[in-house]
Structure formats: C-alpha cells, structure tokens
Protein chains: 2
Amino acid sequence: MGKVIVVGIGPGNYENMTIRADLALQCCDVIVGYHVYVDLVRERYPDKEFLTTPMTQEAKRCQMALDKAKEGHTVAMVCSGDSGIYGMAALIYELRGEENTPSVEVIPGLTAACSGASLLGAPLTHDFAIISLSDRLTRWETIEARLEAAAQADLSMVLYNPASKGRPDHLRNACEILLRRLPEDRICGVCRNIGREGESTTVLTLGQLRTAQMDMFCTVFIGNGMTRLIDGKMVTPRGYRDV
Amino acid sequence: MGKVIVVGIGPGNYENMTIRADLALQCCDVIVGYHVYVDLVRERYPDKEFLTTPMTQEAKRCQMALDKAKEGHTVAMVCSGDSGIYGMAALIYELRGEENTPSVEVIPGLTAACSGASLLGAPLTHDFAIISLSDRLTRWETIEARLEAAAQADLSMVLYNPASKGRPDHLRNACEILLRRLPEDRICGVCRNIGREGESTTVLTLGQLRTAQMDMFCTVFIGNGMTRLIDGKMVTPRGYRDV
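Sequence positions are assigned chain by chain, starting from 1 and proceeding in written order. Numbering of ligands from 1 and lettering of chains from A proceed in the order in which they are written. With the structure being a predicted model, the display of local features is reserved for residues of pLDDT at least 70 and the display and counting of side-chain atom pairs for 80 or more, all residues being used for whole-chain, interface and lining totals. Values shown for side chains rest on all heavy atoms present in the structure; no hydrogens or waters enter the calculation.

Participant: Help me understand the overall build of chain A in this model?
Facilitator: Going along the chain from the N terminus, every DSSP run of H or I of four or more residues is numbered as a helix, and every run of E of two or more is numbered as a strand. Secondary structure summary: chain A contains 8 helices and 13 strands in total. Relative to a compact globule of 243 residues, whose C-alpha radius of gyration would be 18 Å, chain A shows 19 Å and is just as compact. With the principal axes as the frame, chain A shows a C-alpha extent of 55 × 35 × 35 Å. A burial count over chain A gives 60% of its 243 residues as buried. The contact definition used throughout considers only heavy atoms, calling two residues in contact when any of these lie within 4.5 Å. Sequence separation of at least 24 residues holds for 69% of the intrachain contacts in chain A that already meet a minimum separation of 6. Only the protein chains shown count as cover for residues, and the accessible areas themselves come from Shrake-Rupley with a 1.4 Å probe. Of the roughly 9,100 Å² of accessible surface on chain A, a fraction of 45% belongs to carbon and sulfur atoms. Charge convention: Lys and Arg are scored as positive, Asp and Glu as negative, and His as well as the terminal groups of each chain are ignored. Charge positions are represented by NZ for Lys, CZ for Arg, CG for Asp and CD for Glu. Here chain A contributes 26 positive and 30 negative side-chain charges, whose respective centroids are spaced 2 Å apart. With C-alpha atoms as the basis for the radius of gyration, the globule rule is written as 2.2 Å multiplied by the number of residues raised to the power 0.38. Only protein chains enter the accessibility calculation, which uses a 1.4 Å probe; a residue whose area is less than 20% of its type maximum is buried, one above 50% is exposed, and one in between is partly exposed.

Now the structure itself:
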C-alpha cells in the first residue's frame, strides 16, 4: 500500500528545508503540487514522476495524490512553507475521510512567519497572530474582525496573501482597519520572495504600508507596541533584558 | 571578527532541523545555550566549546555569545524551536545595540506550532494566534486580554508554556477565560515532548483541557469553530473542498 507524505518545503531554497523533508523527497516516487512549488524541487530530485495542477485546484491536486498512493506509490505532496499552515494537510485528511488508508504523514516546514521574521530581525519574540488577507475562502468580515481583535490585544501580526491581481486593495483596507487602533508610526516590515531569487526586505511604518506596492510573493509583519528598530532591524523585545 | 549565529534547532531531533541549522552547527566553534537545548546537540557536534546557563539567565547567555564573538569566534546560540519566536534573536540585537559588530545571523527553525500541529493532524490550516501563558515577563492581564480577543475572533490558538512548577494553574485559568466565549466541546490537542523521547499527543475537548495534567514540555492547541476530528486527527478545514 502506498502513502501520502505532505511535505512543507519551507520558503523555497534547499538550505531552509528540514533534513526530514529532504529525505522524504529523496525516498518518494511521485511528487505532486502546485506547479510553482514543484518547480522549486524539480532539479534536485529529478528521477520522480511529477504531477502538477494550477493554483485554485487544491482538491483535485490532493485527490491526485491520494489516488497515486492507492495505486501503491509513495507520494510527496509538496507545500511551500509549512504543510499545515494554509497548506494541504487538512484537505488530504478531509478527502481521505474516515478510512485510514492510504497512510498519511505530515512533515512540517518553515512557514513564512519564521523565515521572513529572521530576515527582518526578530519581530515575533512575543505573542502574535497569523492572518491571511485572501477572501477567496473566507468572508472579508471575518478577516476584518480578526485584524481588529489582534490590534486591540496588542498582538504582533503576520499577514499572508496581502495582495494578488484579483485583490489589489486588500492590504490598504487592512491597514485602514488597523489604523483605527494603532498609530501611524507602528513599525512594520515586508519580505518579498523569501528564500528565492530576488529576496528583499523593507522596514516601514503602518502609515506607509497603506500605500506600499505589494504582490502575492510578499509577507507583511506588523509590530506590537514594544517593537522598535535597532540598527535597521525590526525587534520586538520580550523583556528578558529587564529581569 | 567573529559572528553570532542564532540557530533555531526545531523541536529537538536532528531530522526536524533545517539543513542550514545543521551546517551552522558544523561550522561554528562555540555553541552557547540553555543547558537542556545544548544537550540536544552536544553528541552530534562534539568538537566544539560548549557554554551553558540555567533557565532564567537569558541576558547573561546572550552576552556570553556576543563576548565570544568579539574574541573572534563563530558562535552558535541555540534556541529550541525557532530562533525568533520566544527565542534569543531579539535579545542578541538588543544587547548588541546600534553597533553593527559582531555580525549577527538569524537562522529560523520549526516552532512548536508547526511541529506539534503536524503530529495532531492539521489544526492550523486557518488564521491563528500563538500566545504564551508564562507571566514571568508579561502581565497576566495582557495574556488574558489576548486569549479573549483570539476567542472572540474565532482564531485557532497555540498556547506555549501552558504550565510550570511555579504556575500550575495557568492553563485552567486560561480555559476559564476561553470558556466564556467558546463551547465546552471545542476540539483541542496537547503535544508533549515534540521530537524528543516520550513524544505523545492527546486530543480532548476544551472542557476536559481545563483539568488536564500539564507541564513545561507541553504545547496546547485550541481549534476554531470549524475544527473537527477525522479518524482521530484534529483537522481545521480552510474551505478548499467547497470551492
């Protein structure tokens, strides 16, 4: 009987992959995924069968992985970042249902909150929320309520999917909501193409973030009330220094 | 001139470390850290100088790393989980201040939210908050407000430091706060000793969590309103299936 291994490959480069993810990709015989993510691993693991689907066909992609496993293959379902956080692990369990075959293994990977934070400095040393601004699968009112709640409780935030072609204004709308409670000069950061060609970071204020250029390869960090810049790095202290 | 590399080593086992973290530990000549974390890597990287401090001496530990780097050494400051999330990266930047020597590199690692979630199933497929229940450095009122806000906004939650000898009742108190808004049967999970000897998981309700046995090696997951059990796994759907 085959197996589906849901593999979080991290931001994209080999070095930020876990040893376990690397071993899984070496050992599998089929690699399934969104074509952009599959292209990130194709060269390093060449002797595999590759199956890809376009962006919005998540259910089809996962069913393909389960079907291949049922045929007896060891299938790696690759996800960028983590396999769970906005990844395919839940959908694989949902589609498999109450049967316990094929077997499923979930291998965690570095989500953009971790990999992006390390580029900006240390913005997530204290409590924080991860919120996606994509309203493809979530009502905008729900997203808005989550942003409000996080701002109210002084949580740092990481915003995934801050923009795409279909929703160029989401980040500006999110900033307007946050600015009801947070000051214009709240320190924020943007990472683009983490672990990939063209990797870059920007540190800016929440006021500036409102009109910043954004695309689907960006991850946005909002500091909490203690966040400050130290030598250009975005740093949220936890208080260890004051003990 | 030396260098401080703040290395997130993940939950503890070699396989869940990134390739980059492994390379950094191979290349450094001094490894500094809390003694429990240093013991996790001591055997695999034997030809190093090891410097450890007890639990609450974070500032002393980071200063030791900076001093060694100033002497010309390549120093790996090991953190369990991620190097940033409740880790030492911020404190290293704080103590170094506006000087830009010694140079600092931050290597991200798998935080318990990612590694623990992969053991429970896929509880973090949608927006969530990470909140520490330790009030050593944070006022309990702040923690309480964050729990309330997360519950109100239907965020899944990961609770770090749910208990220790000095604060055996924190998780029960947190559950009481959550139960003001969330139902008794909200699905929750607990991971213990992730990636280490004695690794275990438990799935239970929020009502049961209130009186569950807990220690400092546990990480707690609270589902959102969509979380359900599928074949014993804690699964939070994102809605891909319904598209």
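Now that the structure has been shown, we can carry on.
Participant: Sorry, what's going on with the side chain of Arg-61 of chain B here?
Facilitator: All names here are of chain B. Note that Arg-61 resides in helix α3 (residues 58-70). Just to be clear on terms, a salt bridge is a Lys or Arg side-chain nitrogen sitting within 4 Å of an Asp or Glu carboxyl oxygen. The buried charged residue Arg-61 lacks any salt bridge partner; its closest oppositely charged side chain belongs to Glu-58, at an N-O distance of 4.7 Å. Apart from the residues lying within four places of it in its own chain, the contact partners of Arg-61 are Val-32, Gly-33, Tyr-34, Thr-53, Pro-54, Met-55, Met-77 and Met-88.

Participant: Sorry if this is basic, but what is going on with the sheet that holds strand β8 (residues 156-160) of chain B here?
Facilitator: Two strands qualify as a pair provided that DSSP identifies no fewer than 2 bridges between them. The sheet built from 10 strands is open, its strands ordered β10(A)-β9(A)-β11(A)-β8(A)-β7(A)-β7(B)-β8(B)-β11(B)-β9(B)-β10(B) with mixed pairing. Each edge of the open sheet is held by one strand with a lone partner, namely β10 (200-205) of chain A together with β10 (200-205) of chain B. Sheet twist, expressed as the mean angle between neighbouring strand axes with direction ignored, is 15°. Strand direction decides the pairing type here: strand β9 (residues 187-192) of chain A and β10 of chain A, joined by 6 bridges, are antiparallel. Note that in β10 of chain A the partner of Cys-191 of chain A across the bridge is Thr-201 of chain A. Whenever a helix is involved, its axis is fitted only over the stretch in contact; in every case the axis is a line through C-alpha atoms, and angles between N-to-C directions fall within 0 to 180 degrees. Packed onto the sheet, helix α5 (residues 112-120) of chain B meets β7 (128-132), β8, β9 (187-192), β10 and β11 (218-222) of chain B and runs at close to 70° relative to β11 of chain B.

Participant: Any chance you could explain the side chain of Asp-127 of chain B here in plain terms?
Facilitator: Tracing the chain through its elements places Asp-127 of chain B in the loop between β6 (121-122) and β7. Asp-127 of chain B gets classed as buried once you look at its relative accessible area, which sits at 0%. Among the polar contacts made by the side chain of Asp-127 of chain B, one reaches the side chain of Tyr-86 of chain A at a distance of 2.6 Å. Excluding anything up to four places from it in sequence, Asp-127 of chain B contacts Tyr-86, Ile-130, Ile-131, Ser-132 and Arg-146 of chain A together with Leu-155 and Ser-156 of chain B. Pairs of N or O atoms are called polar contacts if they sit within 3.5 Å, as long as, within protein, a hydrogen donor faces a hydrogen acceptor (for residues adjacent in sequence, only side-chain-to-side-chain pairs).

Participant: Help me understand the interface of chain A and chain B in this model?
Facilitator: Contacts between the two partners involve 72 residues from chain A, matched on the other side by 72 residues from chain B. With both chains or domains summed, chain A and chain B bury close to 6,300 Å², and 61% of this area falls on carbon and sulfur atoms. When two parts are brought into contact, each loses some accessible area as probed by a 1.4 Å sphere; the total of that loss over both is the buried area. Looking at the side of chain A facing chain B, the largest losses of area belong to Ile-19, Arg-146 and Tyr-240 of chain A, adding up to 12% of the total buried there. At the boundary of chain A with chain B, the tally comes to 8 salt bridges. As a salt-bridge pair, Arg-146 of chain B and Asp-127 of chain A come within 2.8 Å of each other at their nearest N and O atoms. Seen at the junction of chain A and chain B, the total is 32 residue pairs in polar contact (both at pLDDT 80 or more). Looking at the side of chain A that touches chain B, its residues break down into 33 nonpolar, 21 polar and 18 charged. As paired strands, strand β7 (residues 128-132) of chain A and β7 of chain B are joined by 3 bridges and run antiparallel to one another. Across the sheet, Phe-128 of chain A pairs through a bridge with Ile-130 of chain B, a residue of β7 of chain B. Three classes are used, and their members are as follows: Ala, Val, Leu, Ile, Met, Phe, Trp, Tyr, Cys and Pro are nonpolar, Asp, Glu, Lys and Arg are charged, and the others, Gly among them, are polar.

Participant: I'm lost on the relation of the copies chain A and chain B in this one. Help?
Facilitator: Mapping one chain copy onto the other needs a rotation about an axis and a shift along that axis. Note on the identical chains: chain A maps onto chain B by a rotation of 180° and an axial translation of 0.0 Å, with an RMSD of 0.0 Å. Seen this way, the second copy is the image of the first under a two-fold rotation axis. When the interface residues of chain A are mapped onto chain B, 100% of them again fall at the interface, so both copies present the same face. The atoms used to superpose the copies are C-alpha atoms, taken from residues with pLDDT of at least 70 in both, and the fit is least squares.

Participant: Sorry if this is basic, but what is going on with helix α4 (residues 89-96) of chain B here?
Facilitator: Among the 8 residues in α4 of chain B, 7 count as buried, and that is most of the element. The complete set of buried residues in α4 of chain B reads Ala-89, Ala-90, Leu-91, Ile-92, Tyr-93, Glu-94 and Arg-96 of chain B. Here the buried face of α4 of chain B lies against β6 (121-122), β12 (228-230) and β13 (233-235) of chain A together with β1 (3-8), α3 and β5 (103-107) of chain B. The first or second residue beyond α4 of chain B is Gly-97 of chain B, which carries a positive phi of 65°.

Participant: How do you make sense of the pattern of salt bridges when you look at a structure like this?
Facilitator: If the charged atoms of two oppositely charged side chains come close together, the side chains can form a pair. In total, this model carries 30 salt bridges over all chains according to the counting rule given. Ionic pairing is found between Arg-42 of chain A and Asp-39 of chain A, a salt bridge with its closest N-O pair at 3.2 Å. Given the relative accessible area of 34%, Arg-42 of chain A is considered partly exposed. Relative accessible area serves as the criterion here: at 46%, Asp-39 of chain A is assigned to the partly exposed category. With a closest N to O distance of 3.2 Å, Arg-20 of chain B and Glu-105 of chain B form a salt bridge.

Participant: Before we go on, may I ask you to explain the nonpolar core in this structure?
Facilitator: Across soluble globular proteins, nonpolar side chains show a tendency to be buried alongside one another. Here the nonpolar core consists of buried residues drawn from Ala, Val, Leu, Ile, Met, Phe, Trp, Tyr and Cys, with membership extended through side-chain atoms lying within 4.5 Å. With 60 residues, the main nonpolar core has Leu-147, Leu-209 and Ile-222 of chain A together with Leu-147, Leu-209 and Ile-222 of chain B as its most contacted residues. When residues no more than four places from it in sequence are discounted, the contact partners of Leu-147 of chain A are Ile-131, Leu-133, Met-157, Leu-159, Ala-174, Ile-177 and Leu-178 of chain A. Ala-112 and Ile-194 of chain A together with Phe-128 and Ile-187 of chain B belong to the second largest nonpolar core, which has 36 residues in total.

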